[in-house]
Each structure stands twice: as C-alpha cells, then as structure tokens.
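# Fold and geometry: a report
Here is what each chain is made of, one letter per residue.
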Amino acid sequence: LTTPITNIVVRGNDISLVDRGVAFIQTWNASAVAMNVVVDSNRISVNSEVTAYALSFADIRGISVTNNACTYSPNPIAFSNTTDQITFCHNRFKQCEISSENISNAVFAHNIFDSPGNTGFVFSFSNAKTSSNITIANNDILGAGWTEIVEATGHTFGTANQYYGNVGTIALTNEFTWADVNGRVYAAAAPASGTWRLGDLVYNNSPTSGGYIGFVC
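Residues numbered from 1 in each chain as written. Predicted model: local features only at pLDDT ≥ 70, side-chain atom pairs only at ≥ 80, totals over all residues. Heavy atoms only, no water.

### Quick notes on the overall build of the chain
The cut-off we apply is this: Numbering goes from the N terminus for both helices and strands, where a helix is a DSSP run of H or I of at least four residues and a strand is a run of E of at least two. Relative accessible area decides the class of each residue, using a 1.4 Å probe on protein chains only: under 20% of the type maximum gives buried, over 50% gives exposed, and in between gives partly exposed. Note on contacts: a residue pair qualifies if any of its non-hydrogen atoms lie within 4.5 Å across the two residues. Residue burial considers only the protein chains on display, and all accessible areas are found by Shrake-Rupley using a 1.4 Å probe.
Check the secondary structure of the chain and you find zero helices and 25 strands. When the 217 residues of the chain are sorted by exposure, 43% land in the buried category. Sequence separation of at least 24 residues holds for 57% of the intrachain contacts in the chain that already meet a minimum separation of 6. Carbon and sulfur atoms form 51% of the exposed surface of the chain, whose accessible area is close to 10,600 Å².

Laid out in structure tokens, this is it:
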C-alpha cells in the first residue's frame, strides 16, 4: 500500500488454515499506515505444521484484537515495524508468541492461553528498536504454562511497562514493573515516577544474598 487506509473490520469469520497465516494487515510503508483496525470474534484453526504467522500486523495506528479463538497456534502473532495503540483482549489461544519489533501504547489483558507445560505467552522483542507503555494484565496461562519476556540484542524498553494480576509463572526483564496475583509490586529499582503513599513497598525483582528486599516510600 502507498496511501493510508482506515476503518478496517475483520469480524465473525471461521477460518481453517493449512499452510498460511491469516489476518495479514500490513502496509510496510511508514507513510501509509493503516488506522482504526478491528479484528473481532474470529475462529481460527491452524495446522500444526504451519510455518507462517497466525496473525500479522504492521504499520498500524489503533488496532483492537478481541474475542478471537485459535485452536492451535504454534507460531507467533506479529506486530511489526511501528505499531501503536494496541488492544489485545479477551482472546483464547494455545501456546502463543507475540513477536514485536517496535510497539507502544499496548494493552494485553484478560486473555486465556492453554499451554500444558509450555511457554504460554512469549513476548519476543527484536532488532534495534524501542518499545514502551506496554501493559500485560489479568491473563490466564493454563496447564502449568508460563509467560516469558525475551529481549534481543539492541532492543530497548522505554518507560511505563507494567505486568500485573496474571496467573502463571513468569520470566521477565527488569524493564517491567510488575505485580503478582496478591498485588505485590516488583521492580528493578525504586520507582522514579507515579503516585505512591508513605509506606508503600516495591519488591526488588532481582534480590541477592545480603541485599535489599525492596524499596519503601
């Protein structure tokens, strides 16, 4: 595409895939972004041998991916180039990887990932890009699966990244301030922004023997 497109809706489809991905919305042109994209209430069946992405989006400003179900998702959901203002909520997938080069202002919340004994929810950030304002909240990682944040060489995280209220084991980088299901907040250093009350405790997410358990306001 060479000109901007707006108001795209992909809704209520039943799609069975053998060897290709689905819902490719990509411009690959930073000056011709897609805006106001809705991907809602689709049922996707992906063959276990599929090598393409199940969902792939690039150069989008404003995308809502909600209420979708995928019976098998061995391959990533990709947000490529510069994708901004993402809402990824109330979806149900099996093991799933969110592969991203450069995203911002994104919320991944209230999703269910059925992943018996596997990495259920992987955020893989690649290339020499910056991702910021990412919230991962209230997702269920079922079947003893876990969440993992993977950051490639050259990638940097900006500010205001949060992880809280999710069910399942986690493996995160220090650039996320996160809270467990009991509401305990963790960070790599004392918060430098936000609103805190006297006595609030932020736990150190990488404690060492003889070190500090956390940071108190």
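On we go.
### A short note on the packing of aromatic side chains
The cut-off we apply is this: Put simply, two rings from Phe, Tyr or Trp (the six-membered ring, in Trp's case) pair if the centres are within 6.5 Å, and we call them stacked under 30 degrees between planes, edge-to-face over 60, tilted for the rest.
Counting across every chain of the model gives two aromatic pairs. Measuring from ring centre to ring centre gives 5.7 Å for Phe88 and Phe108, while their planes differ by 45°; the resulting arrangement is tilted. Of this pair, Phe88 sits in strand β10 (residues 83-89) while Phe108 sits in strand β13 (residues 103-109), and the two are 20 residues apart along the sequence. When sorted by exposure, Phe88 lands in the same class as Phe108, which is buried. Grouping aromatic residues by their ring pairs yields a cluster made of Phe88, Phe93 and Phe108.

### With respect to the confidence of the model for the chain
Which entries qualify depends on this criterion: Each residue carries a pLDDT value, the predictor's own confidence for that position, ranging from 0 to 100.
Looking at the chain as a whole, its pLDDT mean stands at 75, while 70% of the residues score no less than 70. At the level of individual helices and strands, the chain shows its lowest average pLDDT in strand β3 (residues 22-26), which scores 59, and its highest in strand β25 (residues 214-216), which scores 90.

### Observations regarding the environment of Ile112
Position of Ile112 among the secondary structure elements: in strand β14 (residues 112-114). C-alpha separation for the pair Ile112 and His90, spaced 22 residues apart in sequence, amounts to 7.3 Å. Beyond its immediate sequence surroundings of up to four residues, Ile112 is in contact with Asn91, Arg92, Phe93, Asp140 and Leu142.

### Notes on the pairing of strand β7 (residues 60-66)
Just so we agree on the cut-off: Two strands qualify as a pair provided DSSP detects at least 2 bridges between them.
Summarising burial for β7: five of the seven residues are buried, a large majority. Relative to β7, strand β4 (residues 34-40) runs parallel, the two being bridged by six bridges. Bridge pairing in β7 links Ala34 to Ile60.

### A short note on the pattern of salt bridges
Heads up, the condition is: The working definition used for a salt bridge is a side-chain nitrogen of Lys or Arg within 4 Å of a carboxyl oxygen of Asp or Glu.
Applying the stated criterion to the full structure yields two salt bridges. The salt bridge partner of Arg11 is Asp40, with a shortest N-O separation of 3.2 Å. Within this pair, whereas Arg11 is found in strand β1 (residues 5-11), its partner Asp40 is found in strand β4, the two being separated by 29 residues in sequence. Note on Arg11: relative accessible area 49%, which makes it partly exposed.

### With respect to unusual backbone geometry
Phi angles above zero are rare outside glycine, and Asn36 is one such case at about 60°. Within the fold, Asn36 resides in strand β4. In this structure, Ser41 takes a positive phi of about 55° despite not being glycine. The topology assignment puts Ser41 in the loop between β4 and β5 (43-46).

### Details of the pairing of strand β6 (residues 55-58)
On a regular strand, one side chain projects to one face of the sheet and the next to the other, so that they alternate. Neither face of β6 is left uncovered, since the one carrying Leu55 and Phe57 and the one carrying Ser56 and Ala58 both have all their residues buried. Examined bridge by bridge, β6 and strand β9 (residues 77-80) share four bridges and lie parallel to one another. Its bridge partner lying in β9, Ser56 is registered against Ala78.

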